[in-house]
Amino acid sequence: MIPTILAAAATAAAGTADTHIHFADLPLRPEVFTLGFFTLRWYSIAYIAGILVGWWYLLKLLAQPGAPMARRHADDLVFYATLGIILGGRIGYVVFYAPEMFLHPLRILRLWDGGMSFHGGVIGTSLGLILFARKHQLNWLRVHDYIACCVPFGLFFGRLANFVNGELWGKPTDVAWGIVFERTVAFGLIEPARHPSQLYEAGLEGIALFALLWFAFWKTKARYDPGKLVGLFVLGYGLARFTVEFFREPDSQLRAFAERTGLHMGQWLCVPMILGGLYLILTAAGRRVRVEPIAGSQSVA
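Just so it is clear, the structure is predicted and the values come from calculations on it, not from any experiment.

Quick notes on the rules
Residues numbered from 1 in each chain as written. Predicted model: local features only at pLDDT ≥ 70, side-chain atom pairs only at ≥ 80, totals over all residues. Heavy atoms only, no water. Patch = residues over 30% accessible without salt bridge, like charges linked within 9 Å, V, L, I, M, F, W, Y side chains within 5 Å. Areas by Shrake-Rupley, 256 points an atom, 1.4 Å probe, with all protein chains shown as cover. Salt bridge = Lys/Arg side-chain N within 4 Å of Asp/Glu carboxyl O. Helix = DSSP H or I, 4+ residues; strand = E, 2+ residues; numbered from the N terminus. Buried < 20%, exposed > 50% of the residue type's maximum accessible area, 1.4 Å probe, protein only. Expected span 1.5 Å × (residues − 1). Contact = heavy atoms within 4.5 Å. Pairing = 2+ DSSP bridges. Axes fitted to C-alpha atoms, helices over the stretch in contact; angles between N-to-C directions. Parallel < 35°, antiparallel > 145°, perpendicular 65-115°, else oblique. Left-handed = near helix turned anticlockwise from the far one by under 90°. Nonpolar A, V, L, I, M, F, W, Y, C, P; charged D, E, K, R; others polar.

**What about a nonpolar patch on the surface?**
Logical step 1: A contiguous nonpolar surface patch, about 660 Å² in accessible area, is contributed by Phe79, Leu83, Ile86, Leu87, Ile91, Val95 and Phe102.
Logical step 2: For Phe79, the location among the structural elements is in helix α3 (residues 73–96).
Logical step 3: With a relative accessible area of 51%, Phe79 lands in the exposed category.

Printed below as a string of structure tokens:
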């Protein structure tokens, strides 16, 4: 999908040297295919791909010395995490971005209409992992560390899906790579070129955050300090999202909130993540104990 986007963007730019790229000229549609009443969307593919690739990577992490759980726990863990992502993400969206849905409860169940909150997904997933850890008598914070290393895959695919859907676009801009999205202003007005903020987030929240956690896990002993990896994740995500929000158009129903408070809702929700991430990182060394792995026989001091 990425090569297609880049190639189409280059072609569109070459053909209209005096204008910006128009999203309508890119061969991108929200639907992969429609078969009768069933429609498969790229957004669904993004969720599935994020979970499957994250699952595969988790097994790689668990094969290393000092793992907080065994490979046999992975299947059960994925179920709890997936449930937390879906329920937490949807409920978080309703609470933080669309509370009017509480007046029409059936709309909350219409997941195919979109509307998921990452911050809500984090809360839901964390609760799911705590329940999972209690069930299997595992160290819940170290389990979180390992899961945190896998989340950037889902973030990367999800932001690409946002771009393909032509949603969550950025603010108007004159930069050469600005894109003219459809239906961003009132009918009759000229559509301005906008920052492709979805791709900014894919790069920062997906690629850059994965690289940071990859280095911390494989090149340092961070995984033996409970909470350090998850701290790096929430701090890194919080800083990335807070920064990109300066280039992103606020949700239409929250524009007044952004003007009144000076920050977008997404930025306010990142503040506790940034502070919590710093706390987890700074206190991780004090939680380090001799690690007796659930999988394997090697003990790590």
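**Digging into helix α5 (residues 118–136)**
Logical step 1: Between its first and last C-alpha atoms α5 spans 26 Å; for 19 residues at 1.5 Å apiece the expected length is 27 Å, and the two agree.
Logical step 2: Listed in full, the buried residues belonging to α5 are Phe118, His119, Gly120, Gly121, Gly124, Thr125, Gly128, Leu129, Phe132 and Ala133.
Logical step 3: Buried residues along α5 sit in contact with α3, α6 (140–148), α7 (151–165), α9 (228–244) and α11 (265–283).
Logical step 4: Positive phi appears at Gln137, one or two residues downstream of α5, with a value of about 55°.

**Focus: unusual backbone geometry**
Logical step 1: Not every positive phi belongs to a glycine, and Gln137 is a case in point at roughly 55°.
Logical step 2: With respect to the helices and strands, Gln137 occurs in the loop between α5 and α6.
Logical step 3: A relative accessible area of 73% means that Gln137 is categorised as exposed.
Logical step 4: Its identity is not glycine, yet Leu168 carries a phi of approximately 55°, on the positive side.
Logical step 5: As for its position among the elements, Leu168 is in the loop between α7 and β4 (179–180).

**Concerning the pairing of strand β3 (residues 38–41)**
Logical step 1: Taken together, the 4 bridges between strand β2 (residues 31–35) and β3 define a ladder with antiparallel strand orientation. The residue bridging Leu35 from the neighbouring strand is Phe38, located in β3.
Logical step 2: Hairpin connection, β2 to β3: the antiparallel pair is bridged by 2 residues, and Gly36 has positive phi, about 65°.

**Notes on the pattern of salt bridges**
Logical step 1: Summed over the entire model, instances satisfying the criterion amount to 12 salt bridges.
Logical step 2: Between Asp225 and Lys228 there is a salt bridge; the shortest N-O distance is 3.2 Å.
Logical step 3: What makes Asp225 buried here is its relative accessible area of 7%.
Logical step 4: Here Lys228 falls in the partly exposed class, since its relative accessible area comes to 23%.
Logical step 5: Ionic pairing is found between Glu249 and Arg255, a salt bridge with its closest N-O pair at 3.4 Å.
Logical step 6: Given the relative accessible area of 30%, Arg255 is considered partly exposed.

**Digging into α7**
Logical step 1: Taking 1.5 Å of rise per residue, the 15 residues of α7 would be expected to cover 21 Å, and the 21 Å separating its terminal C-alpha atoms lies within 8% of that figure.
Logical step 2: With 11 of 15 residues buried, α7 is to be regarded as a mostly interior element.
Logical step 3: Gly166 sits one or two residues past α7 and shows a positive phi near 65°.

**As for the packing of helix α8 (residues 197–219) against α9**
Logical step 1: Closest axis-to-axis distance for the α8/α9 pair is 10 Å, and the angle between their directions is 160°. When the axes of α8 and α9 are compared, the pair comes out roughly antiparallel. In this structure, α8 meets α9 at a crossing whose hand is right-handed. Every residue of α9 that contacts α8 at Ser197, Tyr200, Glu201, Leu204, Glu205, Leu209, Leu212, Leu213, Ala216 and Phe217 is listed here: Leu229, Leu232, Phe233, Gly236, Tyr237, Ala240, Arg241 and Val244.
Logical step 2: Class assignment of the residues belonging to the contact of α8 with α9 gives a composition of 13 nonpolar, 2 polar and 3 charged.

None of the figures reported here should be taken as evidence of function without further support.
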